[in-house]
Amino acid sequence: MVFRSCLPLALMTLAACAAPPRQGGIVSTNPCADAILATIAPGRLAAISHYSHDPGATSLPLAVARRYPAVAGTAEEVIARHPDLVVTDIFAPAATREAYARAGLTVLTLDAPATISASEAQVIAIAKAAGVPARGAALVRAIETAVPPAHGARPPVLLFIAGDLANGGGTLLDDLLARAGLRNAATDYGLAFTGTLPIETIAAHPPRAILSDGDGRTADLRRRILARSGAATVEVAFPHALMNCGGPAIVPALRRLTAIRTALTS
């Protein structure tokens, strides 16, 4: 899948006008932090997670991601870069984080935000640690003003992350759907959390729309079965790159979801 940048022009301009990355600086081993730092502190970013070089996992345009060397996240390679700051996450091995501490590195450890407001707080924390609090505040303002509050009908939709894995409640994507004026139909199928949802279950009670990146054998089979059943379900493309992270990806994600709601209610 070729990813076309959805980042707002103003945010991409921030990244484009910065100095090239340097040794030292900030090393990020978290792909979502990669996207935030590439937006608000590109000149301080020395290396990014290897996930951001993967077209199926990145939240960055590949052309932007490939400006930076990638790290696999081992303690040895990160420490060897003598960074001023390491941005990692709670999923990194405890031994790796302990090695950072023994090496005397300054480390910011992130969790996985489950709401828009939590993602905004993460942006602020990263911006403060990177020494660019004003740019963090500007990104939060861009998120807050991305779309106006939704009113009226909330069409029920299912969002598939991959294959038959449907997004449930209590996630950032769930919050994005609500902010854009859509209702997460996962609960209609008894799915309280993100999990697998068989095609037969969906065919018995079709949603108004299915959102996915549209790729893969499971998506193709689901499409064909629903068509044969006569279901009025609409299948809508929602790029996987907008599902991976919060931060700057929230802006194009909200705009895409708002456009989907408009099409479903018009």
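Because the structure is predicted, anything quoted here is derived from the model rather than measured.

Undergrad: Just checking my understanding: could you explain the layout of surface pockets for this structure?
TA: The volume enclosed by the largest pocket comes to roughly 600 Å³. Forming the boundary of the largest pocket are 29 residues, of which Cys32, Ala112, Met243, Asn244 and Cys245 lie nearest the centre. Taken together, the residues that form the lining of the largest pocket break down as 16 nonpolar, eleven polar and two charged.

Undergrad: What should I look at first to understand the pattern of salt bridges in this one?
TA: A side chain with one charge can pair with a side chain of the opposite charge if their charged atoms come near. One pass over the structure, following the stated rule, counts six salt bridges. A salt bridge links Asp84 to Arg44; the shortest N-O distance between them is 3.6 Å. Linking Asp84 in the loop between helix H4 (75-80) and strand E4 (85-89) with Arg44 in the loop between helix H2 (31-40) and strand E2 (45-49), this pair joins segments that are 40 residues apart in sequence. Between Arg179 and Glu144 there is a salt bridge whose closest N-O contact spans 3.9 Å. Separated by 35 residues along the polypeptide, Arg179 in helix H8 (residues 172-179) and Glu144 in helix H7 (residues 133-144) bring together distant segments of the chain.

Undergrad: It is not clear to me how the pairing of strand E11 (residues 234-237) should be interpreted in this structure. Could you clarify?
TA: Bridging between strand E10 (residues 209-212) and E11 involves four bridges; their strand directions are parallel. Across the sheet, Ser212 pairs through a bridge with Ala237, a residue of E11. A crossover links E10 with its parallel partner E11, the connecting element being helix H10 (residues 217-229), and its sense is right-handed.

Undergrad: I keep staring at the confidence of the model for the protein chain and nothing clicks. Help me out?
TA: Note: predicted coordinates in regions of low pLDDT should not be interpreted at a detailed level. Summing up the model confidence of the protein chain, the mean pLDDT is 90 and the portion of residues at 70 or higher is 91%. Predicted confidence is poor over residues 1-22, with pLDDT under 50, and the contacts of this stretch with residues over four places away or in other chains come to 41 contacts.

Undergrad: Can you walk me through the pairing of E2 in this structure?
TA: Looking along a regular strand, one sees side chains alternate from face to face of the sheet. Most of E2 sits inside the fold, with five of its five residues counted as buried. Pairing analysis gives two bridges linking strand E1 (residues 26-28) to E2, with the strands arranged parallel. Among the inter-strand pairings, Ile26 is bridged to a residue of E2, identified as Leu45. Taken together, E1, H2 and E2 constitute a β-α-β crossover, and its handedness is right-handed. Across two bridges, E2 lies against strand E3 (residues 70-71) in parallel orientation. For Ser49, the partnering residue across the bridge sits in E3 and is Val71.

Undergrad: Before we go on, may I ask you to explain unusual backbone geometry in this structure?
TA: Most peptide bonds take the trans configuration, and most residues that are not glycine carry a negative phi. Look at His82: it is not a glycine, yet its phi comes out positive at around 50°. Examined against the element boundaries, His82 turns out to sit in the loop between H4 and E4.

Undergrad: How should I be thinking about the side chain of Arg222 in this particular structure?
TA: Among the structural elements, Arg222 can be located in helix H10. Glu235 provides the closest opposite charge to the buried, salt-bridge-free Arg222, at an N-O distance of 5.0 Å. With near-sequence residues (within four places) excluded, Arg222 lies in contact with Phe160, Gly163, Asp164, Ile199, Ile202, Ile210 and Ser212.

Undergrad: In this structure, what is going on with the nonpolar core? I would like to understand it.
TA: Generally speaking, a soluble globular protein has its nonpolar side chains buried in company with each other. The biggest cluster of nonpolar side chains holds 50 residues, and the ones touching the most others in it are Leu37, Ile40, Ile126, Leu176, Leu211, Phe238 and Leu257. In terms of residues, this core owes the most to one element, helix H11 (residues 250-265), which gives seven residues. If we skip the residues at most four places from it in the chain, Leu37 touches Ile26, Ser28, Pro42, Leu45, Val87, Ile126 and Ala130. Tyr189, Leu191, Leu197 and Leu226 belong to the second largest nonpolar core, which has eleven residues in total.

Undergrad: Mind showing me how you'd approach H11 here?
TA: The periodicity of an α-helix, 3.6 residues per turn, causes residues three or four places apart in sequence to face the same way. In this model, H11 (16 residues) spans 22 Å end to end at C-alpha, consistent with the 22 Å of a helix rising 1.5 Å per residue. For H11, the full list of buried residues reads Ile250, Val251, Pro252, Ala253, Leu254, Leu257, Ile260, Arg261 and Leu264. Of the surrounding secondary structure, the elements contacted by the buried residues of H11 are helix H6 (116-130), H7, strand E6 (156-162), H8, E10 and E11.

Undergrad: Could you clarify how one ought to interpret the sheet that holds strand E5 (residues 107-110) in this entry?
TA: Strand-to-strand pairing in sheets goes through backbone hydrogen bonds, with the strands running parallel or antiparallel. Strands sit in the order E3-E2-E1-E4-E5 across an open sheet of five strands; the sheet is parallel. Lying at the two open borders of the sheet, with one neighbouring strand each, are E3 and E5. Contacts from helix H5 (residues 94-102) reach E4 and E5 within the one sheet, and its direction differs from that of E4 by about 160°. Against the sheet, H6 makes contact with E1, E4 and E5, and its axis sits at roughly 175° relative to E5, the strand it touches most.

Criteria and cut-off values
- Residues numbered from 1 in each chain as written.
- Predicted model: local features only at pLDDT ≥ 70, side-chain atom pairs only at ≥ 80, totals over all residues.
- Heavy atoms only, no water.
- 1 Å grid on protein atoms, 1.4 Å probe; cavity = no way out; pocket = protein on both sides within 12 Å on 5 of 7 lines; lining within 4 Å.
- Points joined across faces, edges and corners; volume = space filled by probe spheres on them.
- Nonpolar A, V, L, I, M, F, W, Y, C, P; charged D, E, K, R; others polar.
- Salt bridge = Lys/Arg side-chain N within 4 Å of Asp/Glu carboxyl O.
- Helix = DSSP H or I, 4+ residues; strand = E, 2+ residues; numbered from the N terminus.
- Pairing = 2+ DSSP bridges.
- Right-handed = clockwise from strand over helix to strand, strands pointing away.
- pLDDT = per-residue confidence, 0-100.
- Contact = heavy atoms within 4.5 Å.
- Buried < 20%, exposed > 50% of the residue type's maximum accessible area, 1.4 Å probe, protein only.
- Lys, Arg positive; Asp, Glu negative; His and termini not counted.
- Core = buried A, V, L, I, M, F, W, Y, C linked by side-chain atoms within 4.5 Å.
- Expected span 1.5 Å × (residues − 1).
- Axes fitted to C-alpha atoms, helices over the stretch in contact; angles between N-to-C directions.

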